[in-house]
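Chain residues, written in single-letter form:
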Number of protein chains: 2
Amino acid sequence: MKIALAQLNYCIGDFEKNTEKIISSALKAKLKGADLVVFSELSIPGYFPSDCLLFDDFQKKCQASLDQIAEKCFDIPVIVGCPMPNENEGQKPLQDCAVYLYQGKRQIFAKQRIGSNPLCDERPYFEPSAENEILEFEGFRIAVTLGEDLSNWSDDPILIENRMDQLIGKHPNMVVNLAASPFDYTMPKKRLDLLRLTALKHELPLVFVNQVGAQTHLIFDGGSMAFANNGHVDHALPFFEEAVEIIDTDTLYNYRPNADDIVIPEKMSLIHDALVLGVRDYFHKMGFKSAIVGLSGGLDSALVTYFAAKALGAENVRVVLLPSQFSTDHSVSDAEALAIKLGVAYDTIPIKPLFDSFETALADVFQGRPFDVTEENLQARIRGVILMAVSNKFGNILLNTSNKSEASVGYGTLYGDMCGGLSVIGDVYKSEAYELSRFINKEDEIIPWHTINKAPSAELRPDQKDSDSLPDYSILDAILYQYIECSKSKEEIVAQGFDEAVVTKTIRMVNRNEFKRQQVAPILRVSPRAFGAERTIPVVAKF
Amino acid sequence: MKIALAQLNYCIGDFEKNTEKIISSALKAKLKGADLVVFSELSIPGYFPSDCLLFDDFQKKCQASLDQIAEKCFDIPVIVGCPMPNENEGQKPLQDCAVYLYQGKRQIFAKQRIGSNPLCDERPYFEPSAENEILEFEGFRIAVTLGEDLSNWSDDPILIENRMDQLIGKHPNMVVNLAASPFDYTMPKKRLDLLRLTALKHELPLVFVNQVGAQTHLIFDGGSMAFANNGHVDHALPFFEEAVEIIDTDTLYNYRPNADDIVIPEKMSLIHDALVLGVRDYFHKMGFKSAIVGLSGGLDSALVTYFAAKALGAENVRVVLLPSQFSTDHSVSDAEALAIKLGVAYDTIPIKPLFDSFETALADVFQGRPFDVTEENLQARIRGVILMAVSNKFGNILLNTSNKSEASVGYGTLYGDMCGGLSVIGDVYKSEAYELSRFINKEDEIIPWHTINKAPSAELRPDQKDSDSLPDYSILDAILYQYIECSKSKEEIVAQGFDEAVVTKTIRMVNRNEFKRQQVAPILRVSPRAFGAERTIPVVAKF
């Protein structure tokens, strides 16, 4: 039997486009000889629709699309993902289902392990299934599962326990999993290990179809795979792009590896491709065409400009240089060099005259009080106003340039450099930003080496350096990682050998600045613990 | 037996202060003759700590506080709320518990129905209990329950089904519920009905102790109650303030009502008191003292200034009038009249010179393009910059003045009038804002009647009125209520008699502006469906 793995990029709630994409992919796969076409979880509405699922007409549109697919793909066996109504009183109104459609027949397989990930919490909408049916198809007995049905419920990373331990009693000879598994740089490896061990444990071929594409802050990396019944990867679809590929199930039994198993790209390559896709899909799905970035000559705005140009094309990116009286000459020259290298249009608007106007307007109220953080923030906010004005006038969407280290400790100005519709590198620590820029410069100097090598500075007062108010980024980021990604306490971090005063100061900065993080744009998620929905700390907490 | 109901305001994670408050309340209650002192759910850490619960040292501090209370209240029987470790492998690390402490004895009652409210989702942290123990105390058999244990699991609002249907098998003769039930204007009545019917169904007295106080956007209204075994309210604690009151259980059996039952304050009174508490607690818990508001002469900023003055004292509020070339004379005079009436300090900074400076700075880039929404936003953002500068220089926290109608349709400028650390009336529709202002003016003209009665306008271009771009607020708000609070579809709303074009336009505006709402400050929640955590719509959704 030949199975097509359809790894597609859906637009949440755009039923017309999603349905058209599903139908045309099925038709093409059939033409190429596929006997069965498998799509990813909730492919019809796009994953994850959240509270859109609460609207009756959203549910109706899901059903109308399903009917349309059943009609248009009448002679093509397909398995698509669709929320299905649950008629049982006192239960959740829907189930998260894989629906098999062929020649008017319809068989429904509902998810048992409803996802509880705070990023896409399925529990408010979906009732877990208690059934364990098998799809009988062309002599195969296929265990049809969804997403977390194949997660490991045991504490042991090797001894995989999941829904297959129940389904195995039905004597399947193949496993199919429709997934929508969000990316972070640890996931490709984790997913590979989990699925491999599941296939191996039950000695069954396993076909895994994942969603691809970014949905606001969440990026889905694809990387669909077919495993042989000894756990080897027989076929792997690409990461971060759409693909429909056909595998032959014959090769999945009594498999002899004739090549190396799948190689997962290195961390910086994954993050790079994820961010390009994240920016591109945000713009495409929002119906935006062009971006604007405030380019300072520093590393963060350089990286964001690079990603914008890579994702949208240099012709769709404009940058504005906004030097103040505290900007160094090399800031301007580094920024210009990058703009020229990338081929993006740039304007230069010095902010000193505007700064002076505000000083005049505020003179009475401030009555000769000394220069302090107010005036530093004022410069950042004047830049924000100019960038938003250009954004409004020409329709370019402003990109936020904060990195994760800054976002963690609140080293940024609300409504100033924290402006922007999408935070591109807000889940990338400064030390990772350096790694990422070296990865980008591997073959060619795209980001000026001077930008990468100079000491980071906000340039908001004379001779300012980030290191005046922050620990060195290598130390800061190591502490932040322990605190944010690992939820370690101060005592545990100090016990790892970090200076107690530095740890105390860092943790206090993180906790005090929760209010800033709650006003920031969606952050493209690339780490296992990004700011946003998955790290919920009360703003008023004293801890 | 005499039971003290301790309805207290906790600060999340401030173990020292919470523990001290619990101990001193218990000691005072004992002095007044209490035999048992009951506190609210998670009283030791304060409700709801969210991801703080993931930190080992947070859990350790909970246990240390519990030990301290056990020691200091050795001779006082108390029931406190505390997360307790769950040792079972493969389960959630904690349970949400009521802990009875007396003379070295300790009995633990874990919550069975873990709260799944998206506002405070308890499921990631707490394992549900399967046990149904009874507290035997002084000849009483007390069913000790927590929060949602007493929610109605049936579909029928009258036929209440909850944990008491299991516990009744253990023959209790009293029910106690430790709760932390967030306020919205529908909750006091809902809670009363639910608890009354639970008491009535089992013919048992019921003692309900709720948390009071605001935790960032969530407001807890208190309103603790003791029900007699016929469902009548024997004693009710006040709403929106701390109270420790003692009831005599003798009166709860064979109850003869000698007065009217509890009267729940009207909606505007509840919202008023909730917002005062919300502002006050945000400032107190964040360690802030004073507020700043940009006062336009319109209704929204007038209301926010009123609430700031009410919550913090007029001496801790300053306002800035920021007239532009489009401001009307009455805007300035209405704003001044309010500032004088409330006794808050005010400055006036005309923004025209700053607007001109930006026009000059942008002249080359804009090359004579016409005045459009860019220049409207520019004015709003200049105001934001000035307000934040005064905020930074003097330490006053800027309050956001958007109302729910504006937030819904995106009628506001990001980084402009949408600035601010806390949104005070962001869950109050414009029509409710009118009602609220009439409630405030019931006895005295506090908010100028002219402010209330004039046509609302953003005053960002000549002779602008809100009604130029929005439907009348009475119609707009009715549509928004159906769409946001009731999740009705366009078709259903049109079927109610609204104009189809207006409904279509309104829904489109709501959906298109999700990105703005995701960058706004925490919104004090007073409705059953506030923007923020409980309405999750993907920014990129096409629906």
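The residue numbering used here restarts from 1 in each chain and proceeds along that chain's sequence as written. Lettering for chains starts from A, numbering for ligands starts from 1, and both go in the order in which the items are written. Reporting in this predicted model follows two pLDDT cut-offs: at least 70 for local features of residues, and 80 or more for side-chain atom pairs to be given and counted; totals over whole chains, interfaces and linings ignore these cut-offs and use all residues. For the side-chain quantities, the full set of heavy atoms in the structure was used; hydrogens and water were omitted.

Undergrad: Would you take a moment to explain the overall build of chain A for this structure?
TA: Secondary structure elements are defined from DSSP: runs of H or I of at least 4 residues count as helices, runs of E of at least 2 residues count as strands, and each element is numbered from the N terminus. Within chain A one finds 17 helices and 19 strands. For chain A, whose C-alpha radius of gyration is 26 Å, the value lies close to the compact-globule estimate of 24 Å for 543 residues. The dimensions of chain A, computed from C-alpha atoms along their principal axes, are 85 × 55 × 55 Å. Only protein chains enter the accessibility calculation, which uses a 1.4 Å probe; a residue is then buried when its area is under 20% of its type maximum, exposed when over 50%, and partly exposed in between. Put simply, chain A has 543 residues, and 63% of those count as buried. Contact definition: two residues touch when any of their heavy atoms are within 4.5 Å. Across chain A, contacts joining residues at least 24 apart in sequence account for 72% of those joining residues at least 6 apart. By element, 50% of the accessible surface of chain A is carried by carbon and sulfur atoms, the whole surface being about 19,900 Å². If the 54 positive side-chain charges of chain A are averaged to one point and the 75 negative ones to another, these points end up 2 Å apart. Using C-alpha atoms as the atom set, the radius of gyration is obtained and then compared with a globule rule of 2.2 Å times the number of residues to the power 0.38. Only the protein chains shown count as cover for residues, and the accessible areas themselves come from Shrake-Rupley with a 1.4 Å probe. Charge assignment in this entry is limited to Lys and Arg as positive and Asp and Glu as negative, and neither His nor the chain termini are counted. To locate a charge, take NZ of a lysine, CZ of an arginine, CG of an aspartate or CD of a glutamate.

Undergrad: Explain the packing of aromatic side chains here, please?
TA: Given two aromatic rings, one states the distance between the centres and the angle between the planes to describe the pair. For Phe, Tyr and Trp, rings pair up if their centres lie within 6.5 Å, where Trp contributes its six-membered ring, and each pair is then called stacked (planes under 30 degrees apart), edge-to-face (over 60) or tilted (otherwise). Counted under the stated rule, the structure contains 31 aromatic pairs over all chains. Taking 5.8 Å as the distance between ring centres and 55 degrees as the angle between the ring planes, the aromatic pair formed by Phe 48 of chain A and Tyr 125 of chain A counts as tilted. Remark: Tyr 125 of chain A occurs in the loop between strand 5 (105-110) and strand 6 (135-137) and Phe 48 of chain A occurs in the loop between strand 2 (36-38) and helix 2 (56-72); sequence separation between them is 77 residues. You'll find Phe 48 of chain A and Tyr 125 of chain A in the same group, each marked buried. Look at Phe 283 of chain B and Phe 288 of chain B: their rings are 6.2 Å apart centre to centre, the planes differ by 75 degrees, and that puts the pair in the edge-to-face class. Within the aromatic cluster, the residues linked to one another by ring pairs are Tyr 47, Phe 48, Tyr 125, Phe 126 and Phe 220 of chain A. Whether a charge sits over a ring depends on NZ of Lys or CZ of Arg being within 6 Å of the ring centre and within 35 degrees of the ring normal. For Arg 113 of chain A, the ring lying beneath its charged end belongs to Trp 153 of chain A, and the centroid distance is 3.8 Å. Positioned above the aromatic ring of Tyr 185 of chain B is the side chain of Lys 267 of chain B, whose terminal nitrogen or guanidinium carbon lies 4.3 Å from the ring centre.

Undergrad: How should the confidence of the model for chain A be read in this particular structure?
TA: Close inspection of predicted coordinates is inappropriate in any region flagged by low pLDDT. Residue-level pLDDT values for chain A average 95, and 99% of them are 70 or greater. Confidence metrics for the complex model read pTM 0.95 and ipTM 0.93. Each residue carries a pLDDT score, the predictor's confidence in it, ranging from 0 to 100.

Undergrad: Honestly, the pattern of salt bridges in this entry has me stumped. Any pointers?
TA: Two side chains carrying opposite charge are able to pair once their charged atoms lie near each other. Each salt bridge in this description consists of a side-chain nitrogen of Lys or Arg and a carboxyl oxygen of Asp or Glu lying within 4 Å of one another. Enumeration according to the criterion identifies 62 salt bridges over all chains in this entry. Salt-bridge contacts for Lys 267 of chain A lead to Glu 432 of chain A; the nearest nitrogen and oxygen are separated by 2.8 Å. Placement of Lys 267 of chain A in helix 5 (residues 267-286) and of Glu 432 of chain A in helix 11 (residues 430-440) is noted, with a sequence separation of 165 residues between them. Overall, the relative accessible area of 30% leaves Lys 267 of chain A in the partly exposed class. When its relative accessible area of 9% is taken as the criterion, Glu 432 of chain A is described as buried. One salt bridge connects Glu 514 of chain B with Arg 535 of chain B, and the closest N-O pair in it is separated by 3.7 Å. Here Glu 514 of chain B, found in helix 17 (residues 514-517), pairs with Arg 535 of chain B, found in the segment after helix 17; they are 21 residues apart in sequence, far enough to count as distant. Comparing Glu 514 of chain B with Arg 535 of chain B shows no difference in burial state: the two are buried. Within the structure, one salt-bridge network assembled from shared partners comprises Glu 41, Asp 96, Lys 111, Glu 122 and Glu 148 of chain A.

Undergrad: Would you take a moment to explain the sheet that holds strand 15 (residues 291-295) of chain B for this structure?
TA: Within a beta sheet, neighbouring strands are joined by backbone hydrogen bonds and run either parallel or antiparallel to one another. Residues and elements named next belong to chain B. Strands pair, by our definition, only if DSSP identifies at least two bridges between them. Strand order in the open sheet formed by five strands is 17-16-15-18-19, and the pairing between neighbours is parallel. Here the strands that pair on one side only, and so sit at the sheet edges, are strand 17 (345-348) and strand 19 (422-423). Taken together, the two bridges between strand 18 (residues 397-400) and strand 19 define a ladder with parallel strand orientation. Across the sheet, the residue bridging to Asn 400 is Ser 423, located in strand 19. Inter-axis angles, ranging from 0 to 180 degrees, are taken between N-to-C directions of lines fitted to C-alpha atoms, where helices are fitted over the stretch in contact. Of the strands in this sheet, strand 15, strand 16 (317-321) and strand 17 touch helix 7 (residues 329-342), which is tilted by about 170 degrees from strand 16.

Undergrad: Please explain the pairing of strand 4 (residues 94-102) of chain B as it appears in this structure.
TA: Regular strands show a simple pattern: their side chains alternate between the two faces of the sheet. Residues and elements named next belong to chain B. With respect to burial, strand 4 is a largely interior element, eight of its nine residues being buried. Relative to strand 4, strand 3 (residues 78-85) runs antiparallel, the two being bridged by eight bridges. Within strand 4, the position partnered with Val 78 by the bridge is Leu 101. Both strand 4 and strand 5 (residues 105-110) contribute to a ladder of six bridges, which runs antiparallel. Pairing of Tyr 100 across the sheet is with Gln 107, part of strand 5.

Undergrad: Please explain the sheet that holds strand 13 (residues 233-236) of chain B as it appears in this structure.
TA: All names here are of chain B. Pairing within the open sheet is mixed, and its six strands lie in the order 6-7-8-9-12-13. With one partner strand each, in any of the chains shown, strand 6 (135-137) and strand 13 form the two edges of the open sheet. Recorded for the sheet is a direction-independent mean angle of 20 degrees between the axes of neighbouring strands. By the bridge criterion, three bridges tie strand 6 to strand 7 (residues 140-146) in an arrangement that is antiparallel. Looking across to strand 7, one finds that Phe 137 is bridged to Phe 140.

Undergrad: Would you explain the interface of chain B and chain A in this entry?
TA: Frequently, the measure chosen for interface size is the accessible area removed from exposure when the parts meet. Listed per partner, the contact involves 82 residues of chain B and 82 residues of chain A. Once two parts are joined, some of their accessible surface, as seen by a 1.4 Å probe, is lost; buried area is that loss totalled over both. Here chain B meets chain A over a buried area of about 7,200 Å², counting both sides, of which 64% is carbon and sulfur. In this assembly, chain B and chain A are joined by eight salt bridges. Put simply, Lys 393 of chain B and Glu 375 of chain A hold a salt bridge, and the shortest N to O gap is 2.9 Å. We call two N or O atoms a polar contact when they sit within 3.5 Å, provided that within protein one can donate a hydrogen and the other can accept it, with sequence-adjacent residues counted only if both atoms are side-chain atoms. Linking chain B with chain A are 33 residue pairs in polar contact (both at pLDDT 80 or more), by the criterion used here. Considering every element that reaches the side of chain B that touches chain A, the biggest residue donor is helix 9 (residues 373-394) of chain B, with 14 residues. Of the residues contributing to the side of chain B that touches chain A, the split by class is 41 nonpolar, 16 polar and 25 charged. Three classes are used, and their members are as follows: Ala, Val, Leu, Ile, Met, Phe, Trp, Tyr, Cys and Pro are nonpolar, Asp, Glu, Lys and Arg are charged, and the others, Gly among them, are polar.

Undergrad: Explain the packing of helix 9 (residues 373-394) of chain A against helix 9 of chain B to me, please; I cannot follow it from the model alone.
TA: When two helices pack together, their arrangement is captured by the angle between the axes and the distance separating the axes. Running from amino to carboxyl end, helix 9 of chain A crosses helix 9 of chain B at an angle of 170 degrees, the nearest separation of the two axes being 10 Å. With respect to their mutual orientation, helix 9 of chain A and helix 9 of chain B come out roughly antiparallel. Residue-level contacts link Thr 374, Glu 375, Asn 377, Leu 378, Arg 381, Val 385, Met 388, Ala 389, Asn 392 and Lys 393 of chain A of helix 9 of chain A to Thr 374, Glu 375, Asn 377, Leu 378, Arg 381, Val 385, Met 388, Ala 389, Asn 392 and Lys 393 of chain B of helix 9 of chain B. Of the residues in the contact of helix 9 of chain A with helix 9 of chain B, the class split is eight nonpolar, six polar and six charged. Angle categories are assigned with fixed cut-offs, so that under 35 degrees is roughly parallel, over 145 is roughly antiparallel, 65 to 115 is roughly perpendicular, and the rest are oblique.

Undergrad: Help me out: how do you make sense of the side chain of Thr 413 of chain A in this one?
TA: Residue position: Thr 413 of chain A is located in the loop between helix 10 (404-409) and strand 19 (422-423). Discounting residues that sit within four places of it in the chain, Thr 413 of chain A has contacts with Asn 377, Ala 380, Arg 381 and Met 418 of chain A.

Undergrad: It is not clear to me how the environment of Asp 281 of chain B should be interpreted in this structure. Could you clarify?
TA: All names here are of chain B. Tracing the sequence through the fold places Asp 281 in helix 5 (residues 267-286). Measuring from C-alpha to C-alpha, the distance between Asp 281 and Ala 214 comes to 5.6 Å, with 67 residues separating the pair along the chain. With near-sequence residues (within four places) excluded, Asp 281 lies in contact with Asn 9, Gly 213, Ala 214 and Met 286.

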